[in-house]
Amino acid sequence: MKTSGSSIVAKDFREKQWIGPLLALQDVIVLEACLLAGLLIRDILNRWIPIPLEPAVYVGIAVGVLILPVIFWFRGLYPGYGVDDVRRIQDQVIGTAAIFGTLIIWDYVVQGGTWSRGILLVTWAFATVMVPVMFAWTRRLLLGTGAWGTPIVILGSGREGERLVTSF
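Since the structure is predicted, the reported quantities are computational estimates derived from the model, not experimental observations.

Rules behind the numbers
Residues numbered from 1 in each chain as written. Predicted model: local features only at pLDDT ≥ 70, side-chain atom pairs only at ≥ 80, totals over all residues. Heavy atoms only, no water. Phe/Tyr/Trp six-rings, centres within 6.5 Å; stacked < 30°, edge-to-face > 60°. Buried < 20%, exposed > 50% of the residue type's maximum accessible area, 1.4 Å probe, protein only. Helix = DSSP H or I, 4+ residues; strand = E, 2+ residues; numbered from the N terminus. Patch = residues over 30% accessible without salt bridge, like charges linked within 9 Å, V, L, I, M, F, W, Y side chains within 5 Å. Areas by Shrake-Rupley, 256 points an atom, 1.4 Å probe, with all protein chains shown as cover. Salt bridge = Lys/Arg side-chain N within 4 Å of Asp/Glu carboxyl O. Core = buried A, V, L, I, M, F, W, Y, C linked by side-chain atoms within 4.5 Å. Contact = heavy atoms within 4.5 Å.

A. Structural view of the packing of aromatic side chains. Here the structure, examined in full by the defined rule, presents three aromatic pairs. Aromatic side chains W73 and Y78 sit 5.5 Å apart centroid to centroid with 50° between the ring planes, which places their arrangement in the tilted category. Residue W73 is classed as partly exposed on the basis of its relative accessible area, which comes to 42%. Taking the centre distance of 6.1 Å and the plane angle of 10° together, the rings of F100 and W124 count as stacked. Of the two residues, F100 sits in helix α4 (residues 85-109) while W124 sits in helix α5 (residues 117-145), which places them 24 residues apart along the sequence. Given the relative accessible area of 0%, F100 is considered buried. What links up through ring pairs into an aromatic cluster is the set F72, W73 and Y78.

B. Examining a nonpolar patch on the surface more closely. Together, I41, I44, L45, W48 and F126 line one region of the surface with nonpolar side chains, adding up to about 480 Å² of accessible area. No other element matches helix α1 (residues 19-45), which puts three residues into the nonpolar patch. Looking at where I41 falls in the secondary structure, it is placed in helix α1. Looking at I41, the relative accessible area reads 31%, which means it is partly exposed.

C. Local environment of the nonpolar core. In terms of nonpolar packing, the biggest core is built from 29 residues, with I61, L103 and L120 touching the most fellow members. Taken together, the elements giving at least two residues each to this core come down to α1, α2 (55-64), α3 (67-74), α4 and α5. Sort the elements by how many residues they give to this core and α1 lands first, with seven residues. Here L120 is in contact with I61, F100, L103, I104 and W115, once residues within four sequence places are set aside.

D. Spotlight on unusual backbone geometry. Here the amide bond leading from Y78 into P79 is cis, since omega sits at -10°, within 30 degrees of zero. Summarising the element assignment, P79 is placed in the loop between α3 and α4.

E. Looking closely at the pattern of salt bridges. A complete count under the given rule lists four salt bridges for this structure. Between D91 and R75 there is a salt bridge, and its shortest N-O distance comes to 3.1 Å. In this pair, D91 sits in helix α4 while R75 sits in the loop between α3 and α4, placing the two residues 16 residues apart along the sequence. Here R139 makes a salt bridge to D85, at a shortest N to O gap of 2.9 Å. One end of the pair, R139, is in helix α5; the other, D85, is in helix α4, with 54 residues separating them in the sequence. Judged by its relative accessible area of 39%, D85 is partly exposed. Through salt bridges with shared partners, a single network forms among R75, R87 and D91.

Below, the structure is given as structure tokens:
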């Protein structure tokens, strides 16, 4: 960008279409890592509370958590320009609670309790924290490289124009 008097002109701007899919992919990776953390904690506790589980149980949970990025996509969180931080975190936390609550209900009603509720609860706890944290880290990285956001035109001059520029 260059400054022209009291206005800022965007030069050669193209919307970065890859940011939304990148954030969705990041959430998929984070959610599966949270599931892995849940599995590791269950494995550690399995020494004291031996309850055998089949590997097919984990596949069902791994597929189930992939619904969450779809929910985020429909809520407009990818890339989410203009979504304030409070609404983003609310949508992430409420979406995470809704999906994991649905998975627990699905397990009880449809499958007769074959999934490990402990794994679901631990994965839910990790996901509630890690999804917003990783988004904040990625956004900070993208801001530092100039890849985040959409250029705007500010109409104003003098102190008011400068104040608007610094507030954005």
